[in-house]
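Given next are the chains, with one letter for each unit.
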Amino acid sequence: MELDIRGIMEHIPHRFPMLLVDRVVEMVPGESIVAIKNVSINEPFFQGHFPHLPVMPGVLIIEALAQAAAIFSFSKADGETTLDSNTTAYYLVGVDEARFRKPVVPGDQLRLEVKALRISKVMCKYDAKAYVDGQVVAEAKLMCAIRDIGE
């Protein structure tokens, strides 16, 4: 299953400048996803990170992986989502074994690959890797929590 930017925005509540997934190229609902983030010099974080040598912050690569995880974790086979962002929040609560292998710079295309290790109604765990030109640039084990907004 593939999703364009409109489909992505139906699945997660993030918006510019914090929406860090541009396209979904493969998705198996509840199991895995392959998504794309095109890195452009127009990204607001490049103004200060770093003006003389623009590098995408590692925390934003992790955030992009977590957003990709949210998209497939609550997707049904018909492409609809089971997560209602009006009543439910999806929080990144843990990052383990994070490694950053190479800098990500303007012009790169991040390939975000995330596989579910465990998905439940309150907690999810993932194995996540980001690639540029077939090389791993970042990887981590992610943990996310699902909470009612009223909590």
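Residues numbered from 1 in each chain as written. Predicted model: local features only at pLDDT ≥ 70, side-chain atom pairs only at ≥ 80, totals over all residues. Heavy atoms only, no water.

Colleague: Quick one: what's the story with the pairing of strand β1 (residues 23-28), residue by residue and with numbers?
Modeller: Where β1 and strand β2 (residues 32-38) come together, five bridges link them in antiparallel fashion. Pairing of V24 across the sheet is with A35, part of β2. With antiparallel pairing between neighbouring strands as the criterion, β1 and β2 make up a hairpin whose turn holds three residues, including G30 at a positive phi of roughly 75°. (Pairing = 2+ DSSP bridges. Helix = DSSP H or I, 4+ residues; strand = E, 2+ residues; numbered from the N terminus.)

Colleague: Tell me what's going on with the pattern of salt bridges, and back it up with residues and numbers.
Modeller: Applying the stated criterion across every chain yields a total of six salt bridges. A salt bridge links R6 to D4, with the shortest nitrogen-to-oxygen separation between them at 3.1 Å. The class of D4 is partly exposed, set by a relative accessible area of 27%. The residue E113 makes a salt bridge to R111 at a minimum N-O spacing of 2.6 Å. (Salt bridge = Lys/Arg side-chain N within 4 Å of Asp/Glu carboxyl O. Buried < 20%, exposed > 50% of the residue type's maximum accessible area, 1.4 Å probe, protein only.)

Colleague: With reference to specific residues and values, describe the UniProt feature "active site" (unreviewed entry) in the protein.
Modeller: UniProt records the feature "active site" (unreviewed entry) at H49, using the numbering of this structure. With respect to the helices, strands and loops of the structure, H49 is situated in the loop between β2 and α2 (58-73). Given the relative accessible area of 24%, H49 is considered partly exposed. Once you skip the residues sitting within four places of it in the chain, H49 turns out to touch P54, V55, M56 and P57. (UniProt positions renumbered as here; feature names shortened; annotations may be inferred. Contact = heavy atoms within 4.5 Å.)

Colleague: Describe the confidence of the model for the protein, with residues and values.
Modeller: With 96% of its residues at a pLDDT of at least 70, the protein reaches an overall mean of 92. Here helix α1 (residues 5-11) stands out as the element of the protein with the lowest mean pLDDT, 92, in contrast to β2, whose mean of 98 is the highest. (pLDDT = per-residue confidence, 0-100.)

Colleague: Tell me what's going on with the sheet that holds β1, and back it up with residues and numbers.
Modeller: Taken in spatial order, the six strands of this open sheet run β1-β2-β4-β5-β6-β3, and their pairing is antiparallel. Strand pairing shows two members of the sheet lacking a second neighbour, β1 and β3 (88-100), which therefore form its edges. Each strand axis lies, on average, 20° off the axis of its neighbour in the sheet, ignoring direction. Both β3 and strand β6 (residues 135-148) contribute to a ladder of ten bridges, which runs antiparallel. Residue pairing for β6: Y91 is matched across the bridge by A145. (Axes fitted to C-alpha atoms, helices over the stretch in contact; angles between N-to-C directions.)

Colleague: How would you explain the side chain of Q67 if you had to name every residue and give the values?
Modeller: For Q67, the position within the fold is in helix α2. With residues near it in sequence (within four places) discarded, Q67 still touches I12, H14, M18, L19, L20 and V21.

Colleague: Quick rundown of the packing of aromatic side chains? Include the residues and the values.
Modeller: If you walk through the whole model with that rule in mind, you get two aromatic pairs. Ring centres 5.8 Å apart and planes at 75° place the aromatic pair F72 and Y126 in the edge-to-face group. Pair noted here: F72 is in helix α2 and Y126 is in strand β5 (residues 123-132), with a separation of 54 residues, a long-range link. What makes F72 buried here is its relative accessible area of 0%. We classify Y126 as buried; its relative accessible area is 0%. (Phe/Tyr/Trp six-rings, centres within 6.5 Å; stacked < 30°, edge-to-face > 60°.)

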